[in-house]
Amino acid sequence: MIEVKNLVRTFNSGDRTIKPVNDVSFELEQGTLASIVGKSGSGKSTLLSLLGALDKPTSGDVAVNGVSLASMPDAKLTQYRRRDIGFVFQQFNLIPNLSAVDNVMLPMEFAGMRKAARLQRAKELLEQVQLVPEKHDRRINRLSGGEQQRVAIARALANEPKLILADEPTGNLDEQTGDHIIELLSALCRDHNTTILVVTHDRALANKTDRRFRLQQGRLTEEPVRNRATAAAAPV
Ligand SMILES: Nc1ncnc2c1ncn2[C@@H]1O[C@H](COP(=O)(O)OP(=O)(O)O)[C@@H](O)[C@H]1O
Ligand SMILES: [Mg+2]
């Protein structure tokens, strides 16, 4: 369960103050797949950074399973970022000259897992995201965009995070690959009770989520979506 309360983030640019996150409040039940849509510059990435403790709010707070981020000392925040959250960004944030499997093993190394266990789990995760085994040892910069995004998702899953924050995960991908990434995120929510918050420009993706939010000049509103269960049950 995530509770976001009156979150504000301001930036000073020159003699101007901008407020890309302006009094944002919402709650997400565990296991929800939610999307945030909004124009470029509307504050989506800023909001995700606050939820992922990559940045600190000007005011307001985020509570994860009842624990407030504002009250956490920096060491705890680092732990929260590494253990409780999986990040999937458009730019992949992978290490380009390491292999796919080494990239996926990295968060598990931070978490103190032994090497043999890390290797086994990394290979399982790469299979789960359907990266063919012969590409597991290939360097990231020799994989396609879709393959890199699969590796990024596998890496985000490494420590079984309760929350996945995805910033335009299908942005660089062709439609078919994007669809596959959506299916993958959706299955994760279902099978692992993972909460996923995904920022997207992709209408198809936004329509497949349980809840959809819109950010407009720092203000968040919720929009109705067709419930996934209802959509699946509806006759074609
Ligand atoms: N670190 C920063 N310092 C100053 N301004 C920033 C910073 N990060 C984001 N901004 C500004 O905040 C606004 C929202 O940015 P962002 O959250 O990246 O929007 P989005 O992800 O919706 O495109 C933009 O005007 C951007 O220039
Ligand atoms: Mg952004």
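Definitions and limits used
Residues numbered from 1 in each chain as written. Chains lettered and ligands numbered in written order. Predicted model: local features only at pLDDT ≥ 70, side-chain atom pairs only at ≥ 80, totals over all residues. Heavy atoms only, no water. Helix = DSSP H or I, 4+ residues; strand = E, 2+ residues; numbered from the N terminus. Pairing = 2+ DSSP bridges. Contact = heavy atoms within 4.5 Å. Axes fitted to C-alpha atoms, helices over the stretch in contact; angles between N-to-C directions. Near = heavy atom within 4 Å. Polar contact = N/O pair within 3.5 Å; in protein donor to acceptor, adjacent residues only side chain to side chain. Areas by Shrake-Rupley, 256 points an atom, 1.4 Å probe, with all protein chains shown as cover. Nonpolar A, V, L, I, M, F, W, Y, C, P; charged D, E, K, R; others polar. Parallel < 35°, antiparallel > 145°, perpendicular 65-115°, else oblique. Left-handed = near helix turned anticlockwise from the far one by under 90°.

Student: Help me out: how do you make sense of unusual backbone geometry in this one?
Tutor: The phi torsion of most residues other than glycine is negative, and most of the peptide bonds are trans. Here Asn6, not a glycine, exhibits a phi torsion of approximately 50°, which is positive. Mapped onto the elements of the fold, Asn6 is located in strand β1 (residues 2–13). One non-glycine residue, Asn65, lies in positive phi territory at about 45°. Considering the arrangement of structural elements, one finds Asn65 in the loop between β4 (59–64) and β5 (67–68).

Student: Hey, could you run me through the sheet that holds β5 in this one?
Tutor: Strand pairing in a sheet is mediated by backbone hydrogen bonds. Such pairs are either parallel or antiparallel. If you walk across this open sheet you meet the four strands as β2-β1-β4-β5, and the pairing is antiparallel. Taken across any chain shown, the strands that pair with only one partner, and hence form the sheet edges, are β2 (16–28) and β5. On top of the sheet, helix α1 (residues 44–51) reaches β1, β2 and β4; it is set at about 60° to β2, its chief contact.

Student: Please clarify how the site of ligand 1 should be interpreted in this entry.
Tutor: Within the structure, ligand 1 sits among Phe11, Ile18, Pro20, Lys39, Ser40, Gly41, Ser42, Gly43, Lys44, Ser45 and Thr46. Between ligand 1 and Thr46 there is a distance of 2.5 Å, counted from an oxygen atom to a side-chain nitrogen or oxygen. Contact with the protein chains hides 58% of the accessible area of ligand 1, taken as 560 Å² for the molecule alone. When residues of the shell around ligand 1 are traced back to their parent elements, those giving at least two are β2 and α1. Among the elements that line the shell around ligand 1, the one with the most residues is α1, at three residues. Broken down by class, the residue content of the shell around ligand 1 amounts to three nonpolar, six polar and two charged.

Student: Teacher, can you tell me more about the sheet that holds strand β3 (residues 33–37) here?
Tutor: A sheet is described by the order of its strands in space; here six strands give the open sequence β6-β7-β8-β3-β9-β10, paired in mixed fashion. Each edge of the sheet is formed by a strand with only one pairing partner; in this case those strands are β6 (85–89) and β10 (219–223). Along the sheet, successive strands turn relative to each other by an average axial angle of 20°, direction set aside. Across five bridges, the pairing between β6 and strand β7 (residues 163–167) is parallel. Within β7, the position partnered with Val88 by the bridge is Ala166. Together, β3, β7 and β8 (195–199) form the strand contacts of helix α6 (residues 175–192), whose direction differs from that of β8 by roughly 155°.

Student: Honestly, the packing of helix α3 (residues 100–110) against helix α4 (residues 115–128) in this entry has me stumped. Any pointers?
Tutor: Any two packed helices are characterised by the angle at which their axes cross and by the distance between the axes. Contact pair α3 / α4: the axes reach a minimum separation of 9 Å and the direction vectors enclose 125°. By the angle between their directions, the pair α3 and α4 is classed as oblique. Crossing of α3 over α4 shows right-handed handedness. For the pair formed by α3 and α4, the contact residues are Ala100, Val101, Val104, Met105, Met108 and Glu109 on the first element and Lys115, Arg118, Leu119, Arg121, Ala122, Lys123, Leu125 and Leu126 on the second. Within the contact of α3 with α4, the residues separate by chemical class into nine nonpolar, no polar and five charged.

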